[in-house]
Amino acid sequence: MYKAIIIDDEMNNMSALREKILKHCPMLEVVACCENGRQGIQEIERLQPDIVFLDIEMPVMNGFTMLQQLRNRDFELIFTTAYDHYAIKAIRYSAIDYLLKPVEIDELKAAVDNAVS
């Protein structure tokens, strides 16, 4: 079983992604859902996830700023965002995948398979 954290400021997107993971990615356990980057940093450091699903555009601290503030980044990163123009920057952060919202089930399964293989 792999531990996953979802970080997204939009509750409906976070809930939808969590449901898709529960139904279609049985090898993942969602151990935390965070509404902002600060909470994301705390939970990543506390829970040491294998995979982080990270939104980019969030108030106060965006996803890229959050990543810069992490002390240790020992997880696979999958961006989940409504914006396609951050894709190149996401590559620079060694993202395993970049999923556009609403997240398609086949794309989610492929990203997770890639992250755990």
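Structure's up top.
Participant: What should I look at first to understand the pattern of salt bridges in this one?
Facilitator: Should the charged atoms of two oppositely charged side chains come close, the side chains can pair. Tallied over the full model, the rule gives four salt bridges. For Lys 101, the salt bridge goes to Asp 8, with nearest N and O atoms at 2.7 Å. Of this pair, Lys 101 sits in the loop between β5 (97-100) and α5 (105-116) while Asp 8 sits in the loop between β1 (2-7) and α1 (11-24); the two residues are 93 residues apart in sequence, bridging distant segments of the chain. By relative accessible area, which is 17% here, Lys 101 ends up buried. Salt bridges linked by common partners bring Asp 8, Asp 55 and Lys 101 together as one network.

Participant: Would you mind going over unusual backbone geometry with me for this structure?
Facilitator: If a residue is not glycine, its phi is most likely negative; likewise, a peptide bond is most likely trans. Omega for the bond connecting Lys 101 with Pro 102 falls within 30 degrees of zero, at -5°, which places this linkage in the cis form. Looking at the secondary structure, you find Pro 102 in the loop between β5 and α5. Its identity as a non-glycine residue notwithstanding, Ser 94 has a phi of 60°, on the positive side. Residue placement: Ser 94 occurs in the loop between α4 (87-92) and β5.

Quick notes on the rules
Residues numbered from 1 in each chain as written. Predicted model: local features only at pLDDT ≥ 70, side-chain atom pairs only at ≥ 80, totals over all residues. Heavy atoms only, no water. Salt bridge = Lys/Arg side-chain N within 4 Å of Asp/Glu carboxyl O. Helix = DSSP H or I, 4+ residues; strand = E, 2+ residues; numbered from the N terminus. Buried < 20%, exposed > 50% of the residue type's maximum accessible area, 1.4 Å probe, protein only.

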